[in-house]
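One-letter residues, chain by chain:
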Amino acid sequence: MKHLLIAFVKFWRALVSPLYGDVCKYHPSCSAYGLQALRTRGALMGSLLAVWRILRCNPWSKGGYDPVPGSPEHDAWLAEQAAAGSSDSASLPSDVQPSALSHNTRGEI
(Lines give C-alpha, C1' and ligand atoms only; values in the text may rest on other atoms or scores of the structure.)
Protein backbone atom coordinates (compact mmCIF):
# COMPACT_ATOMS: atom_id res chain seq x y z
CA MET A 1 0.00 0.00 0.00
CA LYS A 2 2.83 2.38 0.91
CA HIS A 3 4.39 2.01 -2.54
CA LEU A 4 1.08 2.77 -4.27
CA LEU A 5 0.68 5.95 -2.24
CA ILE A 6 4.26 6.99 -2.99
CA ALA A 7 3.63 6.36 -6.70
CA PHE A 8 0.50 8.53 -6.55
CA VAL A 9 2.39 11.41 -4.91
CA LYS A 10 5.19 11.11 -7.49
CA PHE A 11 2.58 11.13 -10.27
CA TRP A 12 0.99 14.23 -8.72
CA ARG A 13 4.36 15.99 -8.47
CA ALA A 14 5.24 15.18 -12.07
CA LEU A 15 1.96 16.02 -13.76
CA VAL A 16 -0.24 18.21 -11.56
CA SER A 17 2.12 20.27 -9.37
CA PRO A 18 3.80 22.00 -12.34
CA LEU A 19 0.40 23.44 -13.30
CA TYR A 20 0.22 25.23 -9.93
CA GLY A 21 3.79 26.50 -9.90
CA ASP A 22 5.73 27.33 -6.75
CA VAL A 23 2.86 28.28 -4.47
CA CYS A 24 3.31 26.29 -1.27
CA LYS A 25 3.56 28.38 1.90
CA TYR A 26 5.47 25.68 3.71
CA HIS A 27 8.95 24.26 3.36
CA PRO A 28 9.17 21.49 2.30
CA SER A 29 6.29 21.68 -0.18
CA CYS A 30 3.16 19.70 0.62
CA SER A 31 3.98 16.99 -1.92
CA ALA A 32 7.59 16.67 -0.68
CA TYR A 33 6.24 16.51 2.88
CA GLY A 34 3.79 13.79 1.83
CA LEU A 35 6.53 11.73 0.18
CA GLN A 36 8.79 11.99 3.20
CA ALA A 37 5.92 11.19 5.57
CA LEU A 38 5.02 8.08 3.59
CA ARG A 39 8.64 6.94 3.40
CA THR A 40 9.48 7.52 7.06
CA ARG A 41 6.18 6.87 8.83
CA GLY A 42 4.50 4.25 6.63
CA ALA A 43 1.19 4.18 4.75
CA LEU A 44 -1.28 4.90 7.56
CA MET A 45 0.57 7.49 9.65
CA GLY A 46 2.23 9.02 6.56
CA SER A 47 -1.17 9.46 4.91
CA LEU A 48 -2.63 11.03 8.04
CA LEU A 49 0.31 13.44 8.32
CA ALA A 50 0.05 14.37 4.62
CA VAL A 51 -3.70 15.00 4.83
CA TRP A 52 -3.25 17.08 7.99
CA ARG A 53 -0.56 19.14 6.24
CA ILE A 54 -2.80 19.74 3.20
CA LEU A 55 -5.62 20.87 5.50
CA ARG A 56 -3.26 23.33 7.20
CA CYS A 57 -2.13 24.82 3.87
CA ASN A 58 -4.75 27.52 3.45
CA PRO A 59 -4.91 31.31 3.05
CA TRP A 60 -5.02 31.85 6.83
CA SER A 61 -1.96 29.81 7.76
CA LYS A 62 1.42 31.40 8.39
CA GLY A 63 3.32 28.70 6.53
CA GLY A 64 7.02 28.36 7.27
CA TYR A 65 9.30 25.45 7.99
CA ASP A 66 7.39 22.27 8.80
CA PRO A 67 9.41 19.04 8.80
CA VAL A 68 7.80 15.61 9.11
CA PRO A 69 7.60 14.63 12.82
CA GLY A 70 10.05 11.85 13.61
CA SER A 71 12.29 12.60 10.62
CA PRO A 72 15.98 13.47 11.04
CA GLU A 73 15.19 17.00 9.81
CA HIS A 74 12.54 17.39 12.51
CA ASP A 75 14.89 16.16 15.22
CA ALA A 76 17.64 18.53 14.05
CA TRP A 77 15.16 21.42 13.92
CA LEU A 78 13.97 20.69 17.46
CA ALA A 79 17.57 20.58 18.68
CA GLU A 80 18.29 23.89 16.95
CA GLN A 81 15.17 25.45 18.48
CA ALA A 82 16.15 24.21 21.95
CA ALA A 83 19.71 25.53 21.54
CA ALA A 84 18.42 28.92 20.42
CA GLY A 85 15.86 29.00 23.21
CA SER A 86 13.18 29.97 20.71
CA SER A 87 9.55 29.02 21.13
CA ASP A 88 8.56 30.26 17.64
CA SER A 89 7.57 27.11 15.73
CA ALA A 90 7.39 28.94 12.40
CA SER A 91 11.05 30.05 12.37
CA LEU A 92 13.33 28.61 9.72
CA PRO A 93 16.48 26.60 10.31
CA SER A 94 19.71 28.33 9.32
CA ASP A 95 20.08 26.36 6.07
CA VAL A 96 16.64 27.38 4.68
CA GLN A 97 16.40 30.75 2.96
CA PRO A 98 13.17 32.73 3.53
CA SER A 99 13.15 33.75 -0.14
CA ALA A 100 12.61 30.10 -1.05
CA LEU A 101 9.15 30.26 0.51
CA SER A 102 6.17 31.52 -1.42
CA HIS A 103 3.46 33.51 0.29
CA ASN A 104 0.73 33.05 -2.27
CA THR A 105 -2.67 31.98 -1.04
CA ARG A 106 -3.01 28.81 -3.11
CA GLY A 107 -1.47 25.68 -1.62
CA GLU A 108 0.25 22.84 -3.46
CA ILE A 109 -1.11 19.41 -2.74
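Per-chain numbering applies: the sequence of each chain, read as written, is numbered from 1 onward. Thresholds applied to this predicted model are a pLDDT of at least 70 for local features of residues and 80 or more for the giving and counting of side-chain atom pairs; totals over whole chains, interfaces and linings are not thresholded and use all residues. Only hydrogens and water are set aside when side-chain values are computed; all heavy atoms of the structure are taken into account.

- By the naming in an unreviewed UniProt entry, the chain is Putative membrane protein insertion efficiency factor, taken from Luteococcus japonicus.
- Word for word, the UniProt comment on the chain under Sequence similarities (unreviewed entry) is "Belongs to the UPF0161 family."
- UniProt positions are given in the numbering used here, feature names are shortened, and annotations may be inferred rather than shown by experiment. Annotation of the chain in UniProt includes, under Function (unreviewed entry), the sentence "Could be involved in insertion of integral membrane proteins into the membrane."

Looking at the side chain of D66
Then, in step 1: In this description a helix means any DSSP run of H or I spanning at least four residues, a strand means any run of E spanning at least two, and both kinds are numbered starting from the N terminus. Among the structural elements, D66 can be located in the loop between strand 2 (64-65) and helix 5 (72-84).
Then, in step 2: Given the relative accessible area of 13%, D66 is considered buried.
Then, in step 3: Counting of polar contacts relies on pairs of N or O atoms within 3.5 Å, with two restrictions inside protein: one atom must be capable of donating a hydrogen and the other of accepting it, and residues adjacent in sequence are counted only when both atoms are side-chain atoms. There is a polar contact of 3.0 Å between the side chain of D66 and the side chain of R56. A simple rule labels every residue: compare its accessible area, found with a 1.4 Å probe on the protein chains alone, to the largest value its type can have, and call it buried under 20%, exposed over 50%, or partly exposed in between.

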